[in-house]
Amino acid sequence: MMAARGARELSQADVKVTMGKDPARAWDLNDGGATVWIEYPPFHACSVRWSASDVGNMDAYRAVADKYEDAIGEFSPIDPMEADQNDIHIRAVGEARTLPDKTQESLFFFEQSISDPKRRAAGETGFTLRFVHQYAPPEPTPQN
């Protein structure tokens, strides 16, 4: 499907830069910065990522996410996450539901930006935006 849309598959070396050891595939949509990612078990996730000058208005995303969540039901907000990894600041918000087999289905929105003052002064002031639909394995239970 991605080839039919004119997308170029990223090399495994390029995928590894973002995904580390997690198995995945990714495609560049050839539209100036958007990519599509598929992550394989233990997580089952798909995401759309792109670069933007600012986060902008999230109303269109909320409309799609709300429609899906309302149709399925039982989604609850996830505690927001905010962290720095090296010189990248990451903020994530989303909703999740627990399925009968104890896996979790989640919808997340991530925004990433450069936090290093020198890199920001050099012009790296934009954001990487990421929308993720994920099925995660159940949390491990403590052993007695």
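Rules used in this analysis
- Residues numbered from 1 in each chain as written.
- Predicted model: local features only at pLDDT ≥ 70, side-chain atom pairs only at ≥ 80, totals over all residues.
- Heavy atoms only, no water.
- Phe/Tyr/Trp six-rings, centres within 6.5 Å; stacked < 30°, edge-to-face > 60°.
- Helix = DSSP H or I, 4+ residues; strand = E, 2+ residues; numbered from the N terminus.
- Buried < 20%, exposed > 50% of the residue type's maximum accessible area, 1.4 Å probe, protein only.
- Lys NZ or Arg CZ within 6 Å of the ring centre and 35° of its normal.
- Pairing = 2+ DSSP bridges.
- Contact = heavy atoms within 4.5 Å.
- Axes fitted to C-alpha atoms, helices over the stretch in contact; angles between N-to-C directions.

**Structural notes on the packing of aromatic side chains**
Right, so step 1: Taken as a whole and judged by the stated rule, the model has 6 aromatic pairs.
Right, so step 2: With centroids separated by 6.1 Å and ring planes inclined at 40°, the aromatic side chains of Tyr61 and Phe109 adopt a geometry described as tilted. Of this pair, Tyr61 sits in helix α2 (residues 59-72) while Phe109 sits in strand β7 (residues 104-114), and the two are 48 residues apart along the sequence.
Right, so step 3: What makes Tyr61 buried here is its relative accessible area of 17%.
Right, so step 4: When the centroid spacing of 5.6 Å and the interplanar angle of 45° are considered together, the rings of Phe108 and Phe110 count as tilted.
Right, so step 5: A relative accessible area of 13% means that Phe110 is categorised as buried.
Right, so step 6: Clustering of aromatic rings is evident, with ring pairs tying together Trp50, Tyr61, Phe109 and Phe131.
Right, so step 7: The positively charged end of Arg49 is found above the aromatic ring belonging to Trp37, 4.6 Å away from the centroid.
Right, so step 8: Between the NZ or CZ atom of Arg130 and the centre of the ring of Phe110, over which it lies, the distance is 4.0 Å.

**Points about the sheet that holds strand β6 (residues 88-98)**
Right, so step 1: Overall, antiparallel pairing links the 8 strands, which are arranged β1-β2-β3-β4-β8-β7-β6-β5 in an open sheet. Unpaired on one side and paired on the other, β1 (8-9) and β5 (76-85) mark the two borders of the sheet.
Right, so step 2: Taken together, the 8 bridges between β5 and β6 define a ladder with antiparallel strand orientation. Note that in β6 the partner of Ser76 across the bridge is Ala96.
Right, so step 3: Packed on one face of the sheet, helix α1 (residues 12-19) meets β2 (24-28), β3 (35-39) and β4 (44-52) and runs near 110° to β2.

All quantities given are derived from atomic positions and should not be read as evidence of function.
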